[in-house]
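Architecture and fold: a report
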2 protein chains.
Amino acid sequence: MPSPSYVLDQLDYLLLSLVQHDARRPLHELGDEVGLSPSAVQRRLNRLRQRGVIRSEVAVVEPRSVGADLMAVVLVALIDDDAEHHAAFRELMRAEPAVQQCYTIMGQWDYVVVLLASDIAENRRLSARLFVAPGTVRRYETLPAFEVVKAGLTVPLPGS
Amino acid sequence: MPSPSYVLDQLDYLLLSLVQHDARRPLHELGDEVGLSPSAVQRRLNRLRQRGVIRSEVAVVEPRSVGADLMAVVLVALIDDDAEHHAAFRELMRAEPAVQQCYTIMGQWDYVVVLLASDIAENRRLSARLFVAPGTVRRYETLPAFEVVKAGLTVPLPGS
DNA sequence: ACCTTCGCGCAATATTTTTGCATGCCTAGT
DNA sequence: ACTAGGCATGCAAAAATATTGCGCGAAGGT
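Attention in this report is confined to the structure presented alongside it.

Quick look at the side chain of His-86 of chain B
Residues and elements named next belong to chain B. Tracing the backbone through its elements, the reader meets His-86 in helix H4 (residues 83–95). Its relative accessible area of 12% is what places His-86 among the buried residues. Within the local environment of His-86, its side chain forms a polar contact with the side chain of Asp-81, the two groups lying 3.0 Å apart. In this structure, His-86 is in contact with Leu-78, Asp-80, Asp-81, Asp-110 and Tyr-111, ignoring residues within four places of it in sequence.

So, in structure tokens, the structure goes:
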């Protein structure tokens, strides 16, 4: 489902590198930078959207501005490798707004979860609800974030 | 610098919850959903931008579409807590496009780094360059991601 | 050599954003 | 109670931007 690998040329990469930092720039401005007319730029962007290369365009909200002052990285090990348990846990993660990111990883832990909360108390409540109550988690370790050095979804692009 | 805490009302939260999922919806559409005229919506969004509540608007690129097939979470411990070392390491992380995210954390590790690479070989090259060559890292542990269960920058919003 | 395909620029059109202005609603001060 | 100021709103005009139709030329295949 991601995308069956398509052929993107240098111009596509250039455009992606621009819009992944600022999605609000008008087409003629992007066109000036890459040497294309506005409509050509638009057709390329639409194609990238349609093919799923551009997954979405979103506004990035500063967490601290909306009371999410505590970010934490949580390492999680499930009770066992039962497919049911995994499915249930993943569903829980996807459904929970406080879970910003969740990856299945290899190694001694099963998941890495990035959790946003207003404070320690709420973090504890969330942990209880997400990791303890369901009973599918054997062990979890919370690593509170001290500082966000870098946070983004930007992707390294070939030739740039 | 994030933002000195401002007063956002329910409408602001509503708008944020909409645009943090889709930043391309026209003002009149947002207005219909929250019960405001297009210009009122726009003024609110601009205020949120100016105050830094909306940090940016970006296109989210699907990593696998551009050859970034291997994501890994890397736990890093520095040689020591020297401020110099920390500053250097953080600068390195910020400058490196393959580093998607980087947090300072509390506990036995100093940093969590989310690293994007095309494959294992490139991951090794990156690790060598970022964690070994500089000589500021005592120990690091790479946890390759098996599957991305959830990836986003969306923030939990009060009252929604 | 001819045809087909594809992406381009241009120009017309449609949509969206931006701005100026008048109004109504709070709050605070008299 | 009344008034003045600040503030956010809706509306409408204007500006900017996005979208679409069309013809052209290059690349590749027959």
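What follows continues from the structure just given.
Some remarks on the environment of Asn-123 of chain B
Residues and elements named next belong to chain B. By the element assignment, Asn-123 lies in helix H5 (residues 120–132). As a C-alpha pair, Asn-123 and Thr-142 span 19 residues in sequence and 9.5 Å in three-dimensional space. With residues near it in sequence (within four places) discarded, Asn-123 still touches Leu-70, Ala-72, Leu-115, Ala-117 and Thr-142.

What about the environment of Arg-90 of chain A?
Within the secondary structure, Arg-90 of chain A sits in helix H4 (residues 83–95). Here the alpha-carbon distance between Arg-90 of chain A and Ala-121 of chain A, two residues 31 residues apart in the chain, equals 24 Å. Apart from residues lying up to four places away in sequence, Arg-90 of chain A is in contact with Thr-104 and Tyr-111 of chain A together with Glu-147 and Val-149 of chain B. There is a polar contact of 3.4 Å between the side chain of Arg-90 of chain A and the side chain of Glu-147 of chain B.

Description of the nonpolar core
Ranked by internal contacts, the top residues of the largest apolar core, which has 62 residues, are Leu-16, Leu-45 and Val-66 of chain A together with Leu-16, Leu-45 and Val-66 of chain B. Beyond its immediate stretch of four places on either side in the chain, Leu-45 of chain A contacts Leu-15, Val-19, Leu-27, Leu-30 and Ile-54 of chain A.

Looking at the protein's contact with DNA strand D
If you check the shell around DNA strand D, you find 14 residues, and the closest are Leu-27 and Gln-42 of chain A together with Ser-37, Ser-39 and Arg-44 of chain B. The sugar-phosphate share of atoms of DNA strand D within 4 Å of the protein amounts to 58%. In this structure, a phosphate oxygen belonging to DNA strand D sits 2.7 Å away from a side-chain N or O atom of Arg-44 of chain B. Arg-47 of chain B is positioned with one of its side-chain polar atoms (N or O) 3.4 Å from a phosphate oxygen of DNA strand D.

What to know about the packing of aromatic side chains
For the coordinates displayed, the defined rule picks out six aromatic pairs over all chains. Seen from their ring centres, Phe-89 of chain B and Tyr-111 of chain B are 4.6 Å apart, and the 45° between their planes marks the pair as tilted. Of this pair, Phe-89 of chain B sits in helix H4 while Tyr-111 of chain B sits in strand E4 (residues 111–117), and the two are 22 residues apart along the sequence. Each member of the pair Phe-89 of chain B and Tyr-111 of chain B is classed as buried. Put simply, the rings of Phe-89, Tyr-111, Phe-131 and Tyr-140 of chain A touch in pairs and so form one group of aromatic residues.

Scoring rules and cut-offs
- Residues numbered from 1 in each chain as written.
- Chains lettered and ligands numbered in written order.
- Predicted model: local features only at pLDDT ≥ 70, side-chain atom pairs only at ≥ 80, totals over all residues.
- Heavy atoms only, no water.
- Helix = DSSP H or I, 4+ residues; strand = E, 2+ residues; numbered from the N terminus.
- Buried < 20%, exposed > 50% of the residue type's maximum accessible area, 1.4 Å probe, protein only.
- Polar contact = N/O pair within 3.5 Å; in protein donor to acceptor, adjacent residues only side chain to side chain.
- Contact = heavy atoms within 4.5 Å.
- Core = buried A, V, L, I, M, F, W, Y, C linked by side-chain atoms within 4.5 Å.
- Near = heavy atom within 4 Å.
- Phe/Tyr/Trp six-rings, centres within 6.5 Å; stacked < 30°, edge-to-face > 60°.

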